[in-house]
Amino acid sequence: MIDALVLAGSPNDGRLKSCSTAEYEALIPIGNKAMVEYVVSALIKSRNINRIVIVGPKELASVFSGLPIKIVESQGKMMDNLYSGLTNLSDSERTLVVTADIPLVTAKILDDFLSLCGDKKSDLYYPVVPKATVSEKFPSVTRTYVKLKDGVFTGGNVFLVNPSVVPKCLEKGQQFVDLRKSPVKLCKMLGLGFLIKFLSRRLSLKEVERKASLLFGIKGQAVICHHPEVGLDIDKPSDLTMAVESLGANVNVN
């Protein structure tokens, strides 16, 4: 069994603000549930998940009242929240980290991802989803894609992490988070030669994996995942509309 950490601390001060007055994105309602409830429901139903910790606003305590879930108040930036949450799971050998803004994820999808991680000996497992997989199931969705020798991919919002390596990765990790929507800027961070190979589409997924592992001083592994739901984070009104249609729910603005 694996412990899980849900990152639910993003304030609702971006494009979704026009859809809901909820103070935090995780609390934006989809039907009669907050967005984060769909993610937590998937974790509870998973056959692989043990303890669940959520980092987010204190209002989550009432949302999950009566459930064996620990709520840790948000610390600010994503990597700070990650570190704060993992300190509450310090005895966990590997932790499944999930963001609160992927309400289409299911228990089966999470279990399939964990199965793809094999022996789980690497420090970080990160899902990448082929563009064709996203387009086939969600043709109207707009995502940020990276073109590699192996194909065209988008990243996921689910990670399997070795908590013991996180402290040394916090600074560089936050830089990656800040640049996640700009593949070119990410490549600049990794070096000129790497950028040139990226722009000429001569980079392979394995090369990216090795370079990132070297940069962070960990053993990282990219996992090709054919569940686009792991990467469909809700960060703009059209994403929310798509989620509502997919879940068969009506958004209640409150």
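Sequence order as written defines the numbering, with residues in each chain counted from 1. The model is predicted, so local features are restricted to residues of pLDDT at least 70 and side-chain atom pairs to those at 80 or more, both for listing and for counting; the totals for chains, interfaces and linings are taken over all residues. In computing side-chain properties, one takes all heavy atoms of the structure into account and sets aside hydrogens as well as water.

Participant: Would you mind going over the packing of helix α6 (residues 170-178) against helix α7 (residues 183-190) with me for this structure?
Facilitator: The axes of two packed helices give the description: the angle between them and the distance between them. Simply put, an axis is a line fit to the C-alpha atoms, just over the touching stretch for a helix, and the angle between two N-to-C directions goes from 0 to 180 degrees. The numbering of helices and of strands both runs from the N terminus, where a helix is a DSSP run of H or I of at least 4 residues and a strand a run of E of at least 2. Across the interface, α6 lies against α7 with an axial gap of 9 Å and an inter-helix angle of 150°. Relative to α7, α6 is oriented roughly antiparallel. In contact with Lys172, Gln175 and Phe176 of α6, α7 contributes Leu186, Met189 and Leu190. Our angle categories are set so that under 35 degrees counts as roughly parallel, over 145 as roughly antiparallel, 65 to 115 as roughly perpendicular, and the remainder as oblique. When checking whether two residues touch, look at their non-hydrogen atoms; a contact exists if any pair is within 4.5 Å.

Participant: How should I be thinking about the packing of helix α3 (residues 78-87) against α6 in this particular structure?
Facilitator: Put simply, α3 and α6 touch, their axes get as near as 8 Å, and they point 135° apart. In terms of their interaxial angle, α3 and α6 are classed as oblique. The residues of α6 that touch α3, namely those facing Met78, Met79 and Tyr83, are Leu170, Gly173, Gln174 and Val177.

Participant: I tried to follow the packing of aromatic side chains on my own but got confused; where do I start?
Facilitator: In this description, a pair of aromatic rings is defined by centroid distance and the angle of the planes. Pairing of aromatic rings covers Phe, Tyr and the six-membered ring of Trp, with a centre-to-centre limit of 6.5 Å; geometry is then stacked below 30 degrees between planes, edge-to-face above 60, and tilted otherwise. Enumeration according to the criterion identifies one aromatic pair in this entry. Between tyrosine 126 and phenylalanine 159, the ring centres sit 5.5 Å apart and the planes meet at 10°, which makes this aromatic pair stacked. With a gap of 33 residues between them, tyrosine 126 in strand β7 (residues 124-130) and phenylalanine 159 in strand β10 (residues 158-161) connect regions that are remote in the sequence. Placement of a charge over a ring requires the Lys NZ or Arg CZ to be within 6 Å of the ring centre, with the centre-to-atom vector within 35 degrees of the ring normal. Just above the ring of tyrosine 38 sits the side chain of lysine 33; from NZ or CZ to the centre is 5.1 Å. Against the face of tyrosine 145 rests lysine 131, its NZ or CZ located 5.2 Å from the ring centre.

Participant: I tried to follow the environment of glutamate 59 on my own but got confused; where do I start?
Facilitator: Note on placement: glutamate 59 falls in the loop between β4 (49-56) and α2 (60-63). Classification of glutamate 59 as partly exposed rests on a relative accessible area of 33%. Spatially, the C-alpha atom of glutamate 59 lies 9.7 Å from that of tyrosine 24, the residues being 35 residues apart in sequence. Residues contacting glutamate 59, with those up to four places away along its chain left out, are Glu23 and Leu27. Type-normalised accessible area, obtained with a 1.4 Å probe on protein chains alone, sets the label of each residue: buried when under 20%, exposed when over 50%, and partly exposed for intermediate values.

Participant: Is there a simple way to explain the pairing of strand β1 (residues 2-7) in this structure?
Facilitator: One face of the sheet, then the other: side chains in a regular strand alternate in exactly this way. With respect to burial, β1 is a largely interior element, six of its six residues being buried. By this definition, two strands are paired if DSSP reports at least two bridges between them. Sheet analysis places β1 next to strand β6 (residues 95-99), joined by five bridges and oriented parallel. Across the sheet, leucine 7 pairs through a bridge with threonine 99, a residue of β6.

Participant: Help me understand helix α1 (residues 35-45), please; the structure alone is not making it clear to me.
Facilitator: Helical periodicity: at 3.6 residues per turn, an α-helix aligns residues three or four positions apart in one direction. A large share of α1 lies buried, amounting to eight of its 11 residues. Within α1, burial applies to Met35, Val36, Tyr38, Val39, Val40, Ser41, Ala42 and Leu43.

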